[in-house]
Amino acid sequence: MTFQLEKIDHVQLSAPKDSEETATKFYRDILGFEEEEKPEALKPNGGVWFRNGEIALHIGIEEPFTPLKKAHPAFEVSGIGRLQTYLEGTGISTKWDSKLPNAKRFYINDPFGNRIEFLEWQHK
């Protein structure tokens, strides 16, 4: 091969038209992402971009909109129990899953119904 994949640059999730404010309230205000300025050429498309450290997340507007029920981003976290307690305290339902060996993980849905996974690897 004459090329090499280096890393994921960003993950994009879809949202319905005119949902940028809802996305910002969820991803910035609840999950702690910072909003990033979109390039001028992309602003007419709608949506909003976020970043948290090395994690870049783009919310794109899609019509007709269908949420991702199976496909999802998975965010590795530390303090997964505290995160779960925090999210439940904001009214967000969490669903634990114990099927992945050596990991604690749960799923949530964003305000648009997209599935999101949070996991913490258990080191032996």
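Here the structure is a predicted model, which means the values were calculated and not measured.

**Some remarks on helix α1 (residues 20-30)**
So, step 1. Among all positions in α1, only Ala-23, Thr-24, Phe-26 and Tyr-27 are buried.
So, step 2. In this fold, the buried residues of α1 make contact with β1 (11-15), β2 (34-36), β3 (48-52), β4 (55-61), β7 (103-109) and β8 (115-121).
So, step 3. Backbone geometry just downstream of α1 places Gly-32 in the positive-phi region, at approximately 85 degrees.

**Details of the environment of Phe-118**
So, step 1. Positionally, Phe-118 belongs in strand β8.
So, step 2. For Phe-118 and Gln-84, which are 34 residues apart along the polypeptide, the C-alpha to C-alpha distance reads 9.1 Å.

**Brief notes about the sheet that holds β7**
So, step 1. What the 4 strands build is an open sheet, ordered β5-β8-β7-β6; its pairing is mixed. A strand with exactly one partner marks an edge of an open sheet, and here the two such strands are β5 (74-76) and β6 (95-97). Averaged over all neighbouring strand pairs, the angle between strand axes comes to 25 degrees, with direction disregarded.
So, step 2. Both β7 and β8 contribute to a ladder of 7 bridges, which runs antiparallel. Directly across from Ile-108, in β8, lies its bridge partner Ile-116.
So, step 3. Each of β6, β7 and β8 is contacted by helix α2 (residues 80-89), which is oriented at about 20 degrees to β7, the strand it contacts most.

**Section: the pairing of β4**
So, step 1. By the criterion of burial, β4 is predominantly enclosed, with 5 of the 7 residues buried.
So, step 2. When β3 meets β4, the two strands line up antiparallel, connected through 5 bridges. Note on β4: the bridge partner recorded for Arg-51 is Ala-56.

**Thoughts on the side chain of Arg-115**
So, step 1. Within the fold, Arg-115 resides in strand β8.
So, step 2. Among buried charged residues, Arg-115 stands out as having no salt bridge; its nearest opposite-charge side chain is Asp-97, 5.1 Å away.
So, step 3. Of note is the side chain of Arg-115, whose polar atom sits 3.3 Å from the backbone oxygen of Lys-70.
So, step 4. Within polar-contact distance, the side chain of Arg-115 engages the side chain of Tyr-107 at 3.4 Å.

Cut-offs used in this document
- Residues numbered from 1 in each chain as written.
- Predicted model: local features only at pLDDT ≥ 70, side-chain atom pairs only at ≥ 80, totals over all residues.
- Heavy atoms only, no water.
- Buried < 20%, exposed > 50% of the residue type's maximum accessible area, 1.4 Å probe, protein only.
- Helix = DSSP H or I, 4+ residues; strand = E, 2+ residues; numbered from the N terminus.
- Contact = heavy atoms within 4.5 Å.
- Pairing = 2+ DSSP bridges.
- Axes fitted to C-alpha atoms, helices over the stretch in contact; angles between N-to-C directions.
- Lys, Arg positive; Asp, Glu negative; His and termini not counted.
- Salt bridge = Lys/Arg side-chain N within 4 Å of Asp/Glu carboxyl O.
- Polar contact = N/O pair within 3.5 Å; in protein donor to acceptor, adjacent residues only side chain to side chain.

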